[in-house]
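Next come the chains, spelled out residue by residue.
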Amino acid sequence: MSQIENTNEPLIGQVPDSRGHFGIYGGKFVAETLMVPLQELQDAYDQYLTDPGFIAELDADLQNYVGRPSPLYLAEGWTRHLGGAQIYLKREDLNHTGAHKVNNTIGQALLAKRLGKTRIIAETGAGQHGVATATVAARLGLKCVIYMGAVDIARQAINVYRMKLLGAEVVSVESGSKTLKDALNEAMRDWVTNIDDTFYIIGTVAGPHPYPAMVRDFQAIIGREARQQIQQQAGRLPDALIACVGGGSNAIGLFYPFLDDRNVAVYGVEAAGDGLDSGRHAAPLCAGRPGVLHGNRTYLMEDDDGQIIETHSVSAGLDYPGVGPEHAWLKDVGRVEYVAINDDEALQAFHDLTRIEGILPALESSHALAYATKLAPAMDKDQIIIVNLSGRGDKDIHTVAALEGIEV
Amino acid sequence: MSRIKNCFDKLKTGNHKALIPYVTAGDPDPAITVPLMHAMVNAGADIIELGVPFSDPMADGPVIQRAAERALKHRVSLRDVLTMVAEFRQQDSHTPVVLMGYLNPVEVMGYTVFAEAAAQAGVDGVLTVDLPPEEADTLVAALRSQQLDPVFLLAPTSNDERIKLICEAASGYVYYVAVKGVTGAGNLDVQAVADKLEQIRKHTDLPVGVGFGIKDAKSAAAVAAVADAVVVGSALVQKVEQAAGQHDRISTEITGLLTQMRVGMDA
Ligand SMILES: Cc1ncc(COP(=O)(O)O)c(C=O)c1O
């Protein structure tokens, strides 16, 4: 599987530059009040990233609290069903709290503690990041406020209750499209108001520098483990990687350690909602254009006046009009191919994996699985695909049931 | 000479401070904006900050967020705002107009196209709240080439290093955001403002405007005693909201508040 690439230079460690730029993307587009707090965060991050005490504490938490390493599982039944390449699933769904999000919240919460912050805030879409944040806040005894769009609160009721059980306050965001982007706006407003005692744990590789790089580094454990595991299990590197892309944190986490393995094809899967042609989707890399939102320059879903347009996806975690700036850069340099899967295809994959493998995937992850069903049959039986199973689907049972007219 | 510099020079001669009202263009509908700008000038406004509506006003509190939503219901675009300024200029050639908004609409139009169109329309300054000087080189150059003043924000968190950087990038005036928070937030502490202004003035001779938390004649007068300009936004936009679409009432309420502020500041 060959990929056209515009560069042969090594990619790992190349971006961002010291000002947070991934090529023309990224940067720090925030109001002045946040510039000094962002610099403090960056300084702390730079310091602790190489601090043996910090790393030891992070590693111990990831092992003993999160349950890492997460397994890499050869889905033999599903592979047979598709009749092509062997499909391995990176089981982030088995992490404590049920998704990859916790890899990042553990790391950022340890930073918050080092910085002496007493209050944690976060935005959430599907609620997975909110749950993962509320979880670490409970453990560290920090006050926790989660911003969540009113639309998402309605469709992710289980996670809302989980956050409350964990002691977090869940604030319903009623502005704009009442989804993830509006929750992010509201969290930023809280942060700028309470910067003295508050740490903002952004849940994906978006936001102003240093968040995209920092969240990537915390999530890259997914790819580091997978790269080792596949060599142990299959004796070689995979032919392709697939992950869903909302803001892009689970995807960059898997992709990053493989970026310089040029024989590994890499696919990021956006949400096509009702279809890219319908305009009702959440696929800025496939169908958007560059702009500035939420502190960085990246591909966005916007109209000709530069207003952000409402997105649609059956999966709340992918329902976001922007995408992490590193993905924008990887698209432009041609290292990653970005594709889109619509709601129906994702739902089909949700059911198939559940029936065939006994694994209930998150609707977000189901987009990555659905792309595997397109890719695998065209590949040889000795080829290998790793799909990032970014989270488990328990939170989505109500959504799926409602779509099928079933009352749970 | 720039209208903004001219304006501050003249005020200085008369020992007055600038009163700078902010309204969102097209709130609650596009027809009101130009007449309202003229009415504000008659009520004592020296410079007008005209808000460009944006779908995701991350630095604004609920009052100005709702103003943007009302304007966007009418699909008021950056181009529409420039048309409003051009119309305003047909009758007022001296009052400076500063556009205040977010970067993305400017980014989509293109920096050069925007700067040319803004200069053509009679805009004097541009304040993009989510654009710190670190990211602003290209836009600043485009604005400067059209003799437009880039206005930047300063915040309570800005240290000496940043104050210097910002004042070097800015012209016209700089805008000190007096509270940590979004627009419409909190109460300002005049002594803290005075201290910060002293620090800022070590780095620049530019006039320093102060905004956030100025609601009435009393707070306007208190800030005018220490700053070169008083910016009032949410308190006015709230009047627009309360008047529920009645143009006459909006105009009366806004000019009423501005007149009181003017009197307080000049006393
Ligand atoms: C299980 C799962 N996968 C993926 C995502 C999308 O986020 P990202 O693209 O940052 O991985 C989410 C977000 O809520 C999620 O819960």
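Everything numeric in this text was worked out from a predicted model, so none of it was measured.

Novice: What is the right way to read the pattern of salt bridges from this model?
Specialist: Between side chains of opposite charge, a pair can form as their charged atoms come close. Applying the stated criterion across every chain yields a total of 40 salt bridges over all chains. The network of salt bridges with shared partners includes Arg68, Lys90, Glu92 and Glu225 of chain A.

Novice: How should I be thinking about the interface of chain A and chain B in this particular structure?
Specialist: Think of interface size as the accessible area that goes away when the parts come together; that is how it is often given. Every contact between the two is made by 39 residues of chain A and, on the other side, 37 residues of chain B. In total, about 2900 Å² of surface goes out of reach between chain A and chain B, with carbon and sulfur atoms giving 50% of it. Counting the surface chain A buries against chain B, the share from its top three residues, Glu32, Arg189 and Gln307 of chain A, is 23%. Taken together, chain A and chain B are joined by five salt bridges.

Novice: I keep staring at the nonpolar core and nothing clicks. Help me out?
Specialist: General note: in soluble globular proteins, nonpolar side chains tend to be found buried as a group. Counting residues in each nonpolar core, the largest one holds 109 residues, and the members touching the most others are Leu50, Leu99, Phe114, Tyr175, Tyr176, Val210 and Ile254 of chain B. Not counting chain neighbours up to four residues away, the residues in contact with isoleucine 254 of chain B comprise Val23, Leu36, Met40, Leu236, Lys239 and Val240 of chain B.

Novice: I tried to follow the side chain of serine 171 of chain B on my own but got confused; where do I start?
Specialist: All names here are of chain B. Inspection of the secondary structure assignment puts serine 171 in the loop between α8 (160-169) and β7 (174-177). In this structure the side chain of serine 171 is engaged in a polar contact, spanning 3.5 Å, whose partner is the side chain of arginine 144. The residues contacting serine 171, other than those within four sequence positions of it, are Arg144, Asp149, Pro150, Val151 and Leu206.

Novice: Help me understand the site of the ligand, please; the structure alone is not making it clear to me.
Specialist: Residues and elements named next belong to chain A. Thr204, Gly246, Gly248, Ser249 and Ser390 are the nearest of the 18 residues found near the ligand. A distance of 2.6 Å separates an oxygen atom of the ligand from a polar atom in the side chain of threonine 204. One nitrogen or oxygen atom from the side chain of asparagine 250 is found 2.8 Å from an oxygen atom belonging to the ligand. Coverage of the ligand by the protein chains reaches 97% of its 390 Å² of free accessible surface. Along the lines of polarity and charge, the residues of the shell around the ligand split into five nonpolar, eleven polar and two charged.

Novice: Hey, could you run me through the sheet that holds strand β8 (residues 208-211) of chain B in this one?
Specialist: The strands making up a sheet associate through hydrogen bonds between their backbones, and the pairing can be parallel or antiparallel. Residue and element names in this part refer to chain B. Reading across from one edge, β5-β4-β3-β2-β1-β9-β8-β7-β6 is the order of the nine strands in this open sheet, with parallel pairing throughout. The open sheet has two free edges, formed respectively by β5 (149-150) and β6 (152-154), since each of these has just one partner strand. With four bridges joining them, strand β1 (residues 18-24) and strand β9 (residues 229-232) adopt parallel strand pairing. Note that in β9 the partner of alanine 18 across the bridge is alanine 229. Across the face of the sheet, helix α2 (residues 33-42) comes into contact with β1, β2 (48-51) and β3 (97-101) while running at roughly 155° to β2. Along the sheet face, α8 touches β5, β6 and β7 and points at about 160° away from the line of β6.

Novice: Help me out: how do you make sense of the sheet that holds strand β2 (residues 25-29) of chain A in this one?
Specialist: All names here are of chain A. Spatially, four strands are ordered β1-β2-β12-β11 in an open sheet, and the strand pairing comes out antiparallel. Every interior strand has two partners, whereas the edge strands, β1 (21-22) and β11 (289-293), have only one. Here β11 pairs with strand β12 (residues 295-300) via five bridges, running antiparallel. Paired with leucine 293 across the strands is asparagine 296, a residue of β12.

Novice: Hey, could you run me through the pairing of β9 of chain B in this one?
Specialist: Two faces make up the sheet, and in a regular strand the side chains alternate between them. Residues and elements named next belong to chain B. Taking every second residue as pointing to the same face, both faces of β9 are buried, with Ala229 and Val231 on one and Val230 and Val232 on the other. As judged from the two bridges shared by β8 and β9, these two strands associate in the parallel manner. When the bridges of β9 are listed, valine 210 appears paired with valine 230. A crossover links β8 with its parallel partner β9, the connecting element being helix α10 (residues 217-224), and its sense is right-handed.

Definitions and cut-offs
Residues numbered from 1 in each chain as written. Chains lettered and ligands numbered in written order. Predicted model: local features only at pLDDT ≥ 70, side-chain atom pairs only at ≥ 80, totals over all residues. Heavy atoms only, no water. Salt bridge = Lys/Arg side-chain N within 4 Å of Asp/Glu carboxyl O. Contact = heavy atoms within 4.5 Å. Buried area = accessible area lost by both parts, 1.4 Å probe. Core = buried A, V, L, I, M, F, W, Y, C linked by side-chain atoms within 4.5 Å. Buried < 20%, exposed > 50% of the residue type's maximum accessible area, 1.4 Å probe, protein only. Helix = DSSP H or I, 4+ residues; strand = E, 2+ residues; numbered from the N terminus. Polar contact = N/O pair within 3.5 Å; in protein donor to acceptor, adjacent residues only side chain to side chain. Near = heavy atom within 4 Å. Areas by Shrake-Rupley, 256 points an atom, 1.4 Å probe, with all protein chains shown as cover. Nonpolar A, V, L, I, M, F, W, Y, C, P; charged D, E, K, R; others polar. Pairing = 2+ DSSP bridges. Axes fitted to C-alpha atoms, helices over the stretch in contact; angles between N-to-C directions. Right-handed = clockwise from strand over helix to strand, strands pointing away.

Function cannot be read off these values alone, since they describe shape.
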